[in-house]
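What follows is each chain in one-letter form.
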Amino acid sequence: MSDDRTLQSRRDALKCMAYGAGTLFTLVGGVLAPIDLALAAGTPKERLGKPLFVQISDTHIGFSKEANPDVNVTLKQTIALVNGMVQQPALIIHTGDITHLSKAAEFDLAQQMLSQLRTTELHTVPGEHDTSDATVTEYFDRFGKASNRKGYYSFDHSGVHFIALINVLEFKPGGLGILGAEQLAWVASDLKGRSASTPIVVFAHMPLWTIYEPWGWGTGDADQLTEQLRRFGSVTVLNGHIHQIVQKMEGNITFHTARSTAYPQPIAGQGKGPGPLKVPADQLTKMLGVSSVSVVNHPHSLTIRDSTLG
Amino acid sequence: MISQRSRRLSWLSVALSVWLASCGPSPNSPPPASPALAGPSGTSQILIKDFKFIPASLSIKAGTQVTWVNHDDEAHNVIISDGMGRSGAIDTDEKYTFKFNKPGEYHIRCSMHHRMAGTVVVQ
């Protein structure tokens, strides 16, 4: 096969993948521009940007029900997908529900599997499944160092400021999980004096805007966080929890939830609750995947691209 | 794991409790505490089904052991009056048992699904 034909078949493959893999979002100067991946496939590499990080979410190691009897296999596929990226991301973010039942053996296996990623810098936040043990210690014993066991912390990479938040421990009675006054005050101090031109990435497990309150798909006091983020020119807010992609823009803030690598969940309000959704076996990997975020025209813009496993 | 037969019996008990409760106050009233479900002396059971505790309100005598059984595909847990007791994650068909020794009204919730709430009244 000639090089031209190889290139053409790669383009065709990318074009085909595009319809299952979603849309590339380019955020330039605070304006989000969706680009069909079929078009993005023909975009020069330099315009697609340098991969900054990949978001992995809701791996649910320990889950073994009908919706996906072997979540280890789909996590291995996820790791192979990320390791196969031509340009490796600088870091990996896991937005929670690393495990299904907060068991020590589940955390140990998840850590062992995630250590197979070529990119070794891993940042995490816990999901409610990671804090469901009786003592609420298993997650923090392993991943609590960055936050001094509080669950929230910040760091900088490539000119981007990252803020990791926890919204699965405190809650409004009968309502949504919350960040809480102490954490919100910490965010205010963390952002104080920071230039409005600094790209900000915020990540937590549960959505930081209300998608569907009856199922707990939101954060009760997220509005107070959003107010603090409005002055920045580029803000990307990433979550997991709902096992499907939902996104919105509000001013310069892009909100985006990621797919799970374990199993899909129903669309909001369809069914009795936010449990595992069983789909035909040949559909499963089309509903699982990761999000990658790249820097374009550094440091002014970030792009989000979603990829599925199948 | 629990047998199909005992699960059917549990559901009969729950259905009876729900039917008895439906004969009572108007729909706007808070749910009355249901009598303890059938079981060996000094024990009682609460089902977890469709993201609900069934019954949502249970009345028992001091010294009763209450067992929660999860019949959902999703995992849950049981938090008793913020500090009195806390289970680990309860997977499908798994159980958690807690003995209520002191009279009082105890609030029950699942930390994984905040709308799941119930009450145990200990006499």
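Throughout what follows, the structure given in this document is the object of discussion. Numbering of residues starts from 1 in every chain and runs along the sequence as written. Each chain gets a letter, beginning with A, and each ligand a number, beginning with 1, in the order they are written. Confidence filtering applies because this is a predicted model: local features only for residues at pLDDT of at least 70, side-chain atom pairs given and counted only at 80 or more, and all residues used for totals across whole chains, interfaces and linings. In computing side-chain values, all of the structure's heavy atoms are included and hydrogens and water are not.

1. Details of the overall build of chain A
We count it as follows: Put simply, DSSP H or I for four residues or longer makes a helix, DSSP E for two residues or longer makes a strand, and each gets a number counted from the N terminus. We call two residues in contact when some of their heavy atoms are within 4.5 Å. Note on areas: Shrake-Rupley, 1.4 Å probe, and residue coverage restricted to the protein chains presented here.
Of regular secondary structure, chain A possesses nine helices and 15 strands. Within chain A, contacts between residues at least 6 apart in sequence are counted, and of these 70% link residues at least 24 apart. Just so you have it, chain A exposes about 13000 Å², and 53% of that area is on carbon and sulfur atoms.

2. A word on the environment of B:N70
All names here are of chain B. Applied cut-off: For every residue, the accessible area (1.4 Å probe, protein chains only) is compared with the maximum for its type, and the residue is labelled buried under 20%, exposed over 50%, or partly exposed between those bounds. Definition of a polar contact: a pair of N or O atoms within 3.5 Å, with one able to donate and the other able to accept a hydrogen when the atoms are protein atoms, and with sequence-neighbouring residues admitted only if both atoms are side-chain atoms.
As for its placement among the helices and strands, N70 is situated in strand 5 (residues 64-70). For N70, a relative accessible area of 0% corresponds to the buried category. N70 sits 17 residues away from F53 along the chain, and the two C-alpha atoms are 9.2 Å apart. Setting aside anything within four residues of it in sequence, one finds N70 in contact with I48, A75, H76, I90, D91, T92, D93 and E94. Polar side-chain contacts of N70 include one of 2.8 Å to the backbone nitrogen of D72. There is a polar contact of 3.5 Å between the side chain of N70 and the backbone oxygen of D91.

3. A closer look at the packing of aromatic side chains
Here is the rule: Classification of ring pairs rests on two measures: the distance between centres of Phe, Tyr or Trp rings, Trp counted by its six-membered ring, which must be within 6.5 Å, and the angle between planes, read as stacked under 30 degrees, edge-to-face over 60 and tilted in between. In our convention, an over-ring charge means Lys NZ or Arg CZ found within 6 Å of a ring centre and within 35 degrees of that ring's normal.
Evaluation of the coordinates by the stated rule reveals 16 aromatic pairs over all chains. Judged by centre distance (4.3 Å) and plane angle (35 degrees), the rings of A:F63 and A:Y263 are tilted. In this pair, A:F63 sits in the loop between strand 3 (50-56) and helix 4 (71-83) while A:Y263 sits in the loop between strand 13 (253-257) and helix 9 (281-284), placing the two residues 200 residues apart along the sequence. One exposure class covers both A:F63 and A:Y263, and it is buried. Consider the rings of B:W68 and B:F100, whose centres lie 6.4 Å apart with planes at 55 degrees: the pair is tilted. Note that B:W68 is positioned in strand 5 and B:F100 in strand 8 (residues 95-100), a separation of 32 residues in sequence. Taken together through their ring pairs, the aromatic side chains of B:W68, B:Y96, B:F98, B:F100 and B:Y106 make up a single cluster. Taking NZ or CZ as reference, A:K248 lies 5.1 Å from the ring centre of A:F255, over its face.

4. What to know about unusual backbone geometry
Of note, the bond from B:I54 into B:P55 is cis; its omega dihedral lies within 30 degrees of zero at 0 degrees. With respect to the secondary-structure elements, B:P55 resides in the loop between strand 3 (52-54) and strand 4 (57-60). Notably, A:S158 is not glycine yet its phi reads approximately 55 degrees, a positive angle. Along the chain, the position of A:S158 falls in the loop between strand 6 (153-157) and strand 7 (160-164).

5. Details of the sheet that holds strand 11 (residues 235-239) of chain A
Residue and element names in this part refer to chain A. Defined as follows: Two strands form a pair only when DSSP identifies at least two bridges running between them. Angles run from 0 to 180 degrees between N-to-C directions of axes, and those axes are lines fitted to C-alpha atoms, restricted for helices to the stretch in contact.
A sheet is described by the order of its strands in space; here six strands give the open sequence 6-7-10-11-13-12, paired in mixed fashion. On the outer flanks of this sheet lie strand 6 and strand 12 (247-250), each paired with one strand and no other. Each neighbouring strand pair of the sheet contributes to a mean axis angle of 15 degrees, computed without reference to strand direction. Sitting on the sheet, helix 7 (residues 181-191) touches strand 6, strand 7 and strand 10 (200-203), and the angle it makes with strand 7 is about 170 degrees.

6. What to know about the pattern of salt bridges
We apply this condition: Salt bridge, as applied in this entry: a Lys or Arg side-chain nitrogen positioned within 4 Å of an Asp or Glu carboxyl oxygen.
Tallied over the full model, the rule gives ten salt bridges over all chains. Its salt-bridge partner being A:K65, residue B:D91 comes within 3.0 Å of it at the nearest N-O pair. Here B:D91, found in the loop between strand 7 (85-86) and strand 8, pairs with A:K65, found in the loop between strand 3 and helix 4, and the two come from separate chains. The pair B:D91 / A:K65 is uniform in exposure class, with both members buried. Between A:R194 and A:D156 there is a salt bridge; the shortest N-O distance is 3.9 Å. In this pair, A:R194 is assigned in the loop between helix 7 and strand 10 and A:D156 in strand 6, connecting sequence segments 38 residues apart. Here the residues in one salt-bridge network are A:E227, A:R230, A:K248 and A:E250, joined through shared partners.

7. Remarks on helix 4 of chain A
Residues and elements named next belong to chain A. For the record, the criterion: Expected helix span is given by 1.5 Å per residue-to-residue step, counting one fewer step than there are residues.
With 13 residues, helix 4 ought to run about 18 Å at 1.5 Å a step, and its terminal C-alpha atoms sit 18 Å apart, in line with that. Among the residues of helix 4, those classed as buried are V71, T74, L75, T78, I79, V82 and N83. On its buried side, helix 4 packs onto strand 3, strand 4 (91-94), helix 5 (104-114) and strand 14 (289-296).

8. Here's the deal with the nonpolar core
Spelled out, the test is: Nine residue types can take part in a nonpolar core, namely buried Ala, Val, Leu, Ile, Met, Phe, Trp, Tyr and Cys, and a core is a set of them joined through side-chain atoms within 4.5 Å.
If you look at the biggest cluster of nonpolar residues, it comprises 45 residues, and the most contacted ones within it are A:L165, A:I200, A:V202, A:L208, A:L225, A:L229 and A:V237. In contact with A:L208, other than residues within four places in its own chain, are A:N167, A:L179, A:V202, A:T219, A:A222, A:L225, A:T226, A:V237, A:N239 and A:F255. Core analysis: the next-biggest nonpolar cluster, separate from the first, contains 24 residues, A:L101, B:V78, B:I80 and B:C110 among them.

9. Details of the side chain of A:Q265
Residues and elements named next belong to chain A. Here Q265 lies in the loop between strand 13 and helix 9. Given the relative accessible area of 7%, Q265 is considered buried. Within polar-contact distance, the side chain of Q265 engages the backbone oxygen of P274 at 3.0 Å.

10. Some points on the interface of chain A and chain B
Here is the rule we go by: Buried surface area refers to the total accessible area, computed with a probe of radius 1.4 Å, that the two partners give up upon joining, counted for both partners together.
Every contact between the two is made by 24 residues of chain A and, on the other side, 19 residues of chain B. With both chains or domains summed, chain A and chain B bury close to 1900 Å², and 55% of this area falls on carbon and sulfur atoms. Connecting chain A to chain B are two salt bridges. Joining chain A to chain B, the criterion identifies seven residue pairs in polar contact (both at pLDDT 80 or more).

11. Description of the sheet that holds strand 5 of chain B
Residues and elements named next belong to chain B. Across the sheet, which stays open at both edges, the four strands sit in the order 3-2-5-8 with mixed pairing between neighbours. Among the strands making up the open sheet, the edge pair consists of strand 3 and strand 8. On average, each strand axis in the sheet is inclined to that of its neighbour by 25 degrees, with strand direction left out of account. Note that strand 5 and strand 8 share six bridges and pair antiparallel. Opposite V66, over in strand 8, you have F98 as the bridge partner.

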